[in-house]
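# Chains, contacts and geometry: an overview
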Amino acid sequence: MQDNLSYRAADSRYDAPDGFYRRCGRSGVLLPAVTLGLWKNFGGTVPYEHSRELLLYAFDHGICHFDLANNYGPPYGSAETTFGRVMEDALRPYRDELFIATKAGYDMWPGPYGNWGSRKYLMASLDQSLRRMRLDYVDLFYTHRYDPNTPLEETLQALVDIVRSGKALYVGISRWPLEATRFGIEYLRKRDVPCLCYQGRINLLDRAPIEEGILDEVRRSGSGFVSFSPLAQGLLAGRYAHGIPDDSRMRRDFTLPEDRLTPDLQRRLSAFAAIAARRGDTPATLALRWVLAQEGVTSVIVGASSIAQLADNLRCTSGTPLTKEEMSELESI
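First things first, this report covers the structure right here in the doc. Counting from 1, residues in each chain are numbered in the order their sequence is written. For this predicted model, a pLDDT threshold of at least 70 governs which residues receive local features, and a threshold of 80 or more governs which side-chain atom pairs are given and counted, while totals over whole chains, interfaces and linings are taken from all residues. Side-chain numbers come from the whole structure's heavy atoms, not from hydrogens or water.

Only one rule defines a salt bridge in this text: a Lys or Arg side-chain nitrogen within 4 Å of an Asp or Glu carboxyl oxygen. Summed over the entire model, instances satisfying the criterion amount to 22 salt bridges. For Arg132, the salt bridge identified is with Glu80, shortest N-O distance 2.8 Å. With Arg132 in helix α3 (residues 119–133) and Glu80 in helix α2 (residues 78–91), this pair connects stretches of sequence that are 52 residues apart. Any residue under 20% of the maximum accessible area for its type is buried, any over 50% is exposed, and the rest in between are partly exposed; the area is computed with a 1.4 Å probe on protein chains only. A relative accessible area of 16% places Arg132 in the buried class. Judged by its relative accessible area of 0%, Glu80 falls in the buried class. We note a salt bridge from Asp264 to Arg267, for which the minimum N-O separation is 3.0 Å. Linking Asp264 with Arg267, this pair stays in helix α9 (residues 263–279), spanning 3 residues, or about one helical turn. We classify Asp264 as partly exposed; its relative accessible area is 42%. Only DSSP runs of H or I covering at least 4 residues are called helices, and only runs of E covering at least 2 are called strands; the numbering of each starts at the N terminus.

Here it is in structure tokens:
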């Protein structure tokens, strides 16, 4: 293992554009506009040095918010294990500069207690996550999805007790429907453990949290909103405007099936790429710009697989803001 003194964070890491750090709802927390997510590119199938390089590049460029979940990998748990190794060999001296989030709610281990939203699962999962990441606490712990079969009070009280135990500083809700979200935010508020933020999917191809009123409800309540999949799993990154590249995620990842690229979607992606070119943006930069322009959105989670991709993603926080006319044009595609 490398000595953590072999890494020294860039002195310029906070020389970010104005507005790069954004208030998370009505809390005291500022989050970077761009968050690095560890869903796909930091598991046990990826060389450790590559993952380490991406994480350190992110931190050197002002990204202090890292988004994980118990089952990110593959295999399950390996993204947290990778992050824990980087903590030990590089980032430990900077722990107080980091905002680390993890989640539980999806399948993690066999049996009746390794999934969904029970108190037993959430608490056991967080204990495992802390061991894998070599942390005493996380900054933010989410319930990862709505569980229709567990009483909301059980899931939410587990979040309250996790904060009171000192294992998380803040809690959040991810992918809950509107009425459950409203109930959850109020339940947590009454117990002096406010919901820091909601995590949901907003991108130009999927605006459900906007259309269903979730973003407005979260903003009204004083919580932040963190958007995952702002590039629609890479569809909005420009690679699919003219077909399916052989080395693309669509060719190798079951979570993005090839039949999703219909002729109509390809037409929309080509039109979107043309608008980006006209502005002097890459498609990825423009897609992220649009999400960050939505009132109430705090941060976008990017899952870059290379430094070049991450550097391009970071450009969304500088340059010419979108005009109302450009917003309308994008939303009409």
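Picking up after the structure, the text goes on.
What follows deals with the packing of helix α5 (residues 178–190) against helix α7 (residues 214–221). Angles here are taken between N-to-C directions and fall from 0 to 180 degrees, while the axes themselves are lines fitted to C-alpha atoms, restricted in helices to the stretch in contact. Here α5 crosses α7 at 10°, and the two axes come no closer than 10 Å. The pairing of α5 with α7 is recorded here as roughly parallel in orientation. Contacts between α5 and α7 involve Leu178, Thr181, Arg182 and Ile185 from the former and Ile214, Glu217, Val218 and Ser221 from the latter. For the contact of α5 with α7, the class distribution of residues is 4 nonpolar, 2 polar and 2 charged. Should an angle fall under 35 degrees it is called roughly parallel, over 145 degrees roughly antiparallel, and 65 to 115 degrees roughly perpendicular, with every other angle called oblique. A contact between two residues is defined here by any heavy atoms of the two lying within 4.5 Å. Residue polarity follows a fixed list, in which Ala, Val, Leu, Ile, Met, Phe, Trp, Tyr, Cys and Pro are nonpolar, Asp, Glu, Lys and Arg are charged, and the others, Gly among them, are polar.

On to the packing of α9 against helix α10 (residues 283–292). Contact pair α9 / α10: the axes reach a minimum separation of 9 Å and the direction vectors enclose 95°. In this view, α9 runs roughly perpendicular relative to α10, as classed from their interaxial angle. Touching Phe272, Ala273, Ile275, Ala276 and Arg279 of α9 are Pro283, Leu286, Ala287 and Arg289, all from α10.

Think of a 1 Å grid over the protein atoms and nothing else: a 1.4 Å probe that fits but is trapped marks a cavity, an open set flanked by protein within 12 Å on at least five of seven lines marks a pocket, and residues with an atom within 4 Å of a point count as lining. Grid points are joined across faces, edges and corners, and a volume is the space filled by probe spheres set on the points. A full pass over the atoms with the stated rule returns 3 cavities of 30 Å³ or more. Approximately 50 Å³ is the volume found for the largest cavity. Considering the residues around the largest cavity, the lining is formed by Leu204, Leu205, Arg207, Leu236, Arg268, Leu269, Phe272, Leu330 and Ile333. When residues in the lining of the largest cavity are grouped by element, the largest group, 3 residues, is from α9. Considering only residue class, the lining of the largest cavity consists of 7 nonpolar, no polar and 2 charged.

Counting buried residues in α10 gives 10 out of 10 residues, a clear majority hidden from the surface. Taken together, the buried positions of α10 are Pro283, Ala284, Thr285, Leu286, Ala287, Leu288, Arg289, Trp290, Val291 and Leu292.

What follows covers the packing of aromatic side chains. By convention here, two paired aromatic rings are described through the distance between centres and the angle between planes. Pairing of aromatic rings covers Phe, Tyr and Trp, the last counted by its six-membered ring, and requires centre-to-centre distances within 6.5 Å; plane angles under 30 degrees mean stacked, over 60 mean edge-to-face, and any other angle means tilted. Evaluation of the coordinates by the stated rule reveals 10 aromatic pairs. Aromatic side chains Tyr146 and Trp176 sit 6.1 Å apart centroid to centroid with 75° between the ring planes, which places their arrangement in the edge-to-face category. Of this pair, Tyr146 sits in the loop between β6 (138–143) and α4 (152–164) while Trp176 sits in the loop between β7 (168–174) and α5, and the two are 30 residues apart along the sequence. Ring geometry for Phe183 and Tyr187: centres 6.2 Å apart, planes at 35°, overall tilted. Taken together, the positions of Phe183 and Tyr187, both in helix α5 and 4 residues apart, correspond to about one turn of that helix. Its relative accessible area of 34% is what places Phe183 among the partly exposed residues. Its relative accessible area of 10% is what places Tyr187 among the buried residues. Taken together, the ring pairs connect Tyr7, Phe59 and Tyr94 into an aromatic cluster.

Next up on the list: the pairing of strand β5 (residues 99–104). Along a regular strand, successive side chains alternate from one face of the sheet to the other. Most of β5 sits out of view: 6 of its 6 residues are buried. Covered by surrounding structure in β5 are Phe99, Ala101 and Lys103 together with Ile100, Thr102 and Ala104, the residues of both alternating faces. A strand pair is defined by DSSP finding two or more bridges across the two strands. As judged from the 3 bridges shared by strand β4 (residues 65–67) and β5, these two strands associate in the parallel manner. In the strand pairing of β5, His65 is matched with Phe99. Look down the strands so they point away from you; if the path from the first strand over the helix to the second goes clockwise, the crossover is right-handed. Chirality of the crossover, the property in question, places the unit of β4, α2 and β5 among those that are right-handed. Bridging between β5 and β6 involves 4 bridges; their strand directions are parallel. Bridging from a neighbouring strand, Ala104 pairs with Thr143 of β6. Read from β5 through α3 to β6, the crossover connection turns out right-handed.

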